Amino acid sequence: MNQFLTAIVTGIGVGSVYALVAVGYAFIYRTTASFNFAQGQLLAFGSLFAYTLYMAVGLPVVLALIISVVIVGALGALVERVAIWPLARRGEDTLTWLISTLGIAILFAGAAQRIWGSRPLAVDNYIGPKVMHFGSVNIATPYVVTFVVVIAVAIAIEVFQRYTLWGRAMRAVGDNRSAVELAGINVLVLGIGAFVVGGALAGLAGFVLAPVTYAKADAGFGFVILSFAAVSIGGFSSHWGALIGGWLIGLVQSLSGTYISLNSQELVVFGMLILILMIRPQGLLTQRAGREV
Amino acid sequence: MTASRGPWATIRSFQGPLLIALAILLVGLLVSREDYLLQGSIAISFAIAATGLGLALGLAGEYLLGQLALFAASAYVTAVLTSNYEWSFWLAAGVGTVAATAIGLAMSLVALRISKFYFALVGFFLVSLIPNIVQLFEKQTGGSAGLVIYDSINFFGTELESKGLFYLAGAALVLALLLVRNIRNSPLGIQMRRMRDSTAALSASGMQPWRVRVAVYVLSSILAGIGGACFSLLGGFLQPTQFELTYTILLFAAVLVGGSTTLVGPTLGVVILYIVPRVVIDVEGYSDMVYGGIVLLAVILFPGGIEDAFQGVRSWVTRMVARQRGEEDELQALEAALDPDSEEEFVSPDRLVKEMLEMREGLDLGQALRIEGARKQYGGVLALDFEDGDSVTVTPGKVHLLLGPNGSGKTTLLNAMCGYAPLTYGKVTIGGTDVTRRSPARIAKLGLSRSFQTPSLPDEVTPMELLTAALTYQESLSYVHWLLSDPFAWKVRRRAREHAARIADAAGLEEVADQPCSQLTSGQRRIVDVLLALSRPSSIVLLDEPAAGLSQRERKQLGATIQALAAAGLSFLVVEHDLELAMQIADEVSVLAEGHLLTHGTPEDVTNHQGVREVLIGAEA
């Protein structure tokens, strides 16, 4: 029983990380209909800046957090400018964006390895004890923090998209780009904005997580793939879907790690993803879109 | 002139594989350093896989990002069978390739169901799982610790050393290039390009898009399998780290850099990306950054790859030269085309009609196409909203004209008839058979063909090739014949090519028949699209604005052709905004307005109908 509870709590905790990256994906997708492959690498940058600013330079944690998130958000804007905008201007389809963001992700990963080396770098716990106890279940504090943060972020996005002009425009631009343009809103700025927010969320996730995962230059791709699984299951256009997808992936991973084998975790997630996509190609929580000819 | 593809053209189509073969021989003769030969052989085995990826990506537009997993599967199966079970290499390589193909086939089933976007990422996921899968079979594969390969390969009695292996891998690459060359030049290759640009256009020709897609995946996995089997021979050791994501990127970048739409581009790409950093300049530690930067730059700066950029420069030069010479001729031709009184150019449609009728000999032309009580809902909008008793019937031997302002549901009606957008409510029948929910390709096979409002013709393909592909399709030759380019394929293709040349000539396209479609004017593109719709054994032809963009002379010829074919028994449904032409050729007219069927009758009835005037003159002015 205790083993089962531990698996569940760990699953939700780890899943919250995927959820946070996935919420960033969904946010970007909703506005630009693109998948930013560099998102995982931005998460890695969040951890690496946590190491540099908090550990090496010794800034207070709040300051280090703010600077990290701002820098990673700016890197998100860089991704949009370099890898998306030149293609969007030419009218290339979104599949080519997938490839160009993949290119920049590898470039970033290589650069990070040059700067920080390829060894994992330890980051001290920011607040509270290293591990929290819920009854007989133990879980690393950063996972608890991520759990709280991801719920807060999802609510914040909901409020932003429902009640502010920019938020509504960002939602609308995914449905009808030219209508938003005609309303006098600069669509290009919206696109950058989405990448900045998405990047900042990844940076936040990386920063919070650094004490458990360590800061690693090449940590990005694993997160890209599992968070992609989360958004695919939840449906690309809904942050609530991304949230639930993230938890689901975390749970499946943790349960199969506990009851089958550690090696089987990703394989089980892959199987589940294929199964869900074959049954509902548009994701679990999205409506089927009209057919296009 | 269009039929005369001399021996030079055939030889030219072999120049890529030939040059690669020469280069391999040359390297084999000049290089004796063991480590260089080993790196060369590894590059060659990657090049084989990249050639397959290029076929999937460039020709067919399939994002087979998971191809490295197939390569790895074949490498491991081959190595396990030779090392642990002491099979002969050839047999093991065969089984390895079959294993890769089986996985590729399974992937194609997934690809048929989910969007390209998801599929690309699923492929990436699969590659990241290679270490897990290898670990799963730890007993056989050695897991992350690796598998030592004892096998040395016995080639007709001699043990192959590093040079022998290099030649063996080289021979496999040349073989792979030849097979892909055959496919690229075959009607199947043309259909792949059509599928890449528009699945709708492909299924309108009666081809099942899924068959073409499965063929693409099988071919591409066979090449990944051959490459993987070669790879297993090299280095004497297999480990999951040899199939890291970096190598997926390497394959992908190689295809993009070399030019995904070209035959030898992917091979050149592998040489540049794999060999140059290892042998020529040492960029140890930076290779990821280099690959990433190259992928990024390639996508942004050269969407078609190096070879394409090179050809772009060449065609720009020829264009400039041609402009110097031909500007005046061109102006005259343009004036003649625009002059409505120039009668001398009018080509009688007789020859074209004769060709089209010969193709339909023995075909039952007597089927009526009927759509009744049609309703089609998109979200909350009713794009088509017929009353229950309303119907449109395309009678055999008649030209039925469909009129209506923009947005009145004309194209929706056509799409419902062809199976692209099945009706929400109502019924479509062909000769009494209910086809409301059948797939486009199956409906096309019943004898329906159509042209499109916006013709979708692959840029790099010529009208002759498109027509030839459309005509060979009727012969239903197995794909294997095209792969081997055997005498059957030759015979079928030669006959189809002669036939296509006669059709192109008769349609007045002889001048442009051998030029890539990207060079055609919009009028010529439309003529080609209409010819493609006609060049199948169909009894009912739907034409969506066939005269848009045509010159006066071309319009007259089009009208005369339609009338003559209708007189011979074919039935037509035509959507057209050129009322003068349309009313001349129409036997019956239906008018749509806001999704309703406003009226139908003879051209005279409709012209005198008050409501029609209001609807049409409001919109057509």
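Quick caveat: nothing in here was measured; it's all calculated off a predicted structure.

K.L.:
Mind laying out the overall build of chain B, listing which residues take part and the relevant values?
P.N.:
Secondary structure assignment for chain B yields 27 helices and 15 strands. The buried share among the 621 residues of chain B stands at 55%. Considering only contacts within chain B whose residues lie at least 6 apart along the sequence, 76% involve residues at least 24 apart. As presented, chain B carries roughly 26,600 Å² of accessible surface, and 58% of it is formed by carbon and sulfur atoms.

K.L.:
How would you explain the pairing of strand β8 (residues 399-403) of chain B if you had to name every residue and give the values?
P.N.:
All names here are of chain B. Counting buried residues along β8, five of its five residues qualify, which places the element largely inside the surrounding structure. Alternating positions in β8 separate into two faces, Val 399, Leu 401 and Leu 403 on one and His 400 and Leu 402 on the other, with burial throughout. Pairing analysis gives four bridges linking β8 to strand β13 (residues 571-575), with the strands arranged parallel. Across the sheet, the residue bridging to Leu 401 is Val 574, located in β13. Pairing of β8 with strand β14 (residues 588-593) involves four bridges; the strand directions are parallel. Paired with Leu 403 across the two strands is Val 591, which belongs to β14.

K.L.:
Describe the pattern of salt bridges, listing the residues and the values that go with them.
P.N.:
A side chain of one charge can pair with a side chain of the opposite charge when the charged atoms of the two come close. Residues and elements named next belong to chain B. Scanning all chains against the criterion turns up 14 salt bridges over all chains. We note a salt bridge from Glu 460 to Arg 193, for which the minimum N-O separation is 3.3 Å. Here Glu 460 is found in the loop between β11 (448-450) and α20 (463-473), whereas its partner Arg 193 is found in helix α10 (residues 187-197), with 267 residues between them in sequence. Asp 388 is the salt-bridge partner of Arg 375, the closest N and O atoms lying 3.1 Å from each other. Taken together, the residues Arg 375 in strand β5 (residues 369-378) and Asp 388 in the loop between β6 (381-385) and β7 (391-394) connect sequence positions 13 residues apart. Asp 388 sits in the exposed class, given a relative accessible area of 54%. When salt bridges with common partners are traced through the structure, they connect Arg 193, Arg 196, Asp 197 and Glu 460 into a single cluster.

K.L.:
Account for the environment of Val 257 of chain B, naming residues and giving values.
P.N.:
Along the chain, the position of Val 257 of chain B falls in helix α13 (residues 245-258). Its relative accessible area of 11% is what places Val 257 of chain B among the buried residues.

K.L.:
Could you give me a rundown of the interface of chain B and chain A, with the residues and numbers involved?
P.N.:
At the junction of the two partners, chain B supplies 41 residues and chain A supplies 43 residues. Carbon and sulfur atoms make up 79% of the surface buried where chain B meets chain A, a total of about 3,900 Å² over both sides. The largest share of the area that chain B buries against chain A comes from Phe 117, Tyr 118 and Phe 125 of chain B, three residues that together contribute 18% of it. For the interface between chain B and chain A, the tally reads zero salt bridges. Where chain B packs against chain A, one counts four residue pairs in polar contact (both at pLDDT 80 or more). Per element, the largest residue contribution to the side of chain B that touches chain A is 10 residues, and it comes from helix α6 (residues 116-128) of chain B. Split by residue class, the side of chain B that touches chain A holds 30 nonpolar, seven polar and four charged.

K.L.:
Provide a residue-level description of the nonpolar core, including the pertinent values.
P.N.:
By size, the foremost hydrophobic cluster in this structure holds 206 residues, and its most contacted members are Phe 35 and Phe 45 of chain A together with Phe 46, Met 192 and Phe 243 of chain B. Here this core gets 14 residues from one element, more than from any other, and that element is helix α3 (residues 34-59) of chain B. With residues near it in sequence (within four places) discarded, Phe 45 of chain A still touches Val 72, Leu 75, Phe 108, Ala 112 and Trp 116 of chain A. With 55 residues, the next largest nonpolar core counts Ala 496, Val 512, Cys 517 and Leu 520 of chain B among its residues.

K.L.:
Any chance you could break down empty space enclosed by the protein for me, citing the residues and the numbers?
P.N.:
All names here are of chain B. What the rule picks out here adds up to seven cavities of 30 Å³ or more. By volume, the largest cavity amounts to about 60 Å³. Lining the largest cavity are Ser 203, Ala 204, Cys 418, Tyr 420, Pro 440, Ile 443, Ala 444, Leu 448, Ser 449 and Arg 450. At the level of elements, α11 (199-204), α19 (440-445) and β11 are the ones that each hand at least two residues to the lining of the largest cavity. Of the residues in the lining of the largest cavity, the class split is seven nonpolar, two polar and one charged. Its volume calculated, the second largest cavity comes out at about 50 Å³. Sorting the residues of the lining of the second largest cavity by element identifies α3 and α9 (162-185) as the ones contributing at least two each. Sort the elements by how many residues they give to the lining of the second largest cavity and α3 lands first, with four residues. Of the residues that constitute the lining of the second largest cavity, the class distribution is five nonpolar, four polar and one charged.

K.L.:
Quick rundown of the packing of aromatic side chains? Include the residues and the values.
P.N.:
Here the structure, examined in full by the defined rule, presents 31 aromatic pairs over all chains. Ring geometry for Tyr 29 of chain A and Phe 117 of chain B: centres 5.9 Å apart, planes at 40 degrees, overall tilted. Placement of Tyr 29 of chain A in helix α1 (residues 2-32) and of Phe 117 of chain B in helix α6 is noted, with the two residues assigned to different chains. Classification of Tyr 29 of chain A as partly exposed rests on a relative accessible area of 26%. Exposure remark for Phe 117 of chain B: the relative accessible area of 11% places this residue in the buried category. One aromatic cluster in this structure is built from Tyr 25, Tyr 29, Phe 35, Phe 37, Phe 221 and Phe 228 of chain A together with Phe 117, Tyr 118 and Phe 124 of chain B. Sitting over the ring of Phe 14 of chain B, Arg 181 of chain B keeps its end group 3.9 Å from the ring centre. The side chain of Lys 376 of chain B reaches across the aromatic face of Tyr 378 of chain B, ending 5.2 Å from its centre.

K.L.:
Tell me about the environment of Val 150 of chain A, and please be specific about residues and values.
P.N.:
All names here are of chain A. Relative to the helices and strands, Val 150 is located in helix α5 (residues 141-163). The class for Val 150 is buried, based on a relative accessible area of 0%. Sequence separation of Val 150 and Leu 243 is 93 residues, and the distance between their C-alpha atoms is 7.7 Å. Contacts of Val 150, omitting those with residues within four sequence positions, involve Ser 16, Ala 19, Leu 20, Val 23, Leu 243 and Trp 247.

K.L.:
So what about the packing of α1 of chain A against helix α9 (residues 220-234) of chain A? Which residues, and what values?
P.N.:
All names here are of chain A. Taken N-terminus to C-terminus, the directions of α1 and α9 make an angle of 70 degrees; their axes are 8 Å apart at the nearest point. Classified by the angle their axes make, α1 and α9 are roughly perpendicular. Facing Val 17, Tyr 18, Val 21, Ala 22, Tyr 25 and Ala 26 of α1, the residues of α9 in contact are Phe 223, Val 224, Leu 226, Ser 227, Phe 228, Ala 230 and Val 231. When its residues are assigned to classes, the contact of α1 with α9 shows 12 nonpolar, one polar and no charged.

K.L.:
Tell me about helix α18 (residues 410-418) of chain B, and please be specific about residues and values.
P.N.:
All names here are of chain B. The element α18 is largely enclosed, with a buried count of eight among its nine residues. Buried residues of α18: Lys 410, Thr 412, Leu 413, Leu 414, Asn 415, Ala 416, Met 417 and Cys 418, and no others. Note on α18: the residue one or two positions beyond its end, Gly 419, has a positive phi of about 90 degrees.

K.L.:
Summarise the pairing of strand β9 (residues 425-430) of chain B; cite the residues concerned and give the values.
P.N.:
Residue and element names in this part refer to chain B. When β5 meets β9, the two strands line up antiparallel, connected through five bridges. Across the sheet, the residue bridging to Arg 370 is Thr 429, located in β9. Where β9 meets strand β10 (residues 433-434), two bridges bridge the pair, whose relative direction is antiparallel. Note on β10: the bridge partner recorded for Thr 429 is Asp 434. As consecutive antiparallel partners, β9 and β10 are separated by two residues, and within that stretch Gly 431 has a phi angle of approximately 55 degrees, a positive value.

Calculation criteria
- Residues numbered from 1 in each chain as written.
- Chains lettered and ligands numbered in written order.
- Predicted model: local features only at pLDDT ≥ 70, side-chain atom pairs only at ≥ 80, totals over all residues.
- Heavy atoms only, no water.
- Helix = DSSP H or I, 4+ residues; strand = E, 2+ residues; numbered from the N terminus.
- Buried < 20%, exposed > 50% of the residue type's maximum accessible area, 1.4 Å probe, protein only.
- Contact = heavy atoms within 4.5 Å.
- Areas by Shrake-Rupley, 256 points an atom, 1.4 Å probe, with all protein chains shown as cover.
- Pairing = 2+ DSSP bridges.
- Salt bridge = Lys/Arg side-chain N within 4 Å of Asp/Glu carboxyl O.
- Buried area = accessible area lost by both parts, 1.4 Å probe.
- Polar contact = N/O pair within 3.5 Å; in protein donor to acceptor, adjacent residues only side chain to side chain.
- Nonpolar A, V, L, I, M, F, W, Y, C, P; charged D, E, K, R; others polar.
- Core = buried A, V, L, I, M, F, W, Y, C linked by side-chain atoms within 4.5 Å.
- 1 Å grid on protein atoms, 1.4 Å probe; cavity = no way out; pocket = protein on both sides within 12 Å on 5 of 7 lines; lining within 4 Å.
- Points joined across faces, edges and corners; volume = space filled by probe spheres on them.
- Phe/Tyr/Trp six-rings, centres within 6.5 Å; stacked < 30°, edge-to-face > 60°.
- Lys NZ or Arg CZ within 6 Å of the ring centre and 35° of its normal.
- Axes fitted to C-alpha atoms, helices over the stretch in contact; angles between N-to-C directions.
- Parallel < 35°, antiparallel > 145°, perpendicular 65-115°, else oblique.

Shape descriptors only; they carry no functional weight alone.
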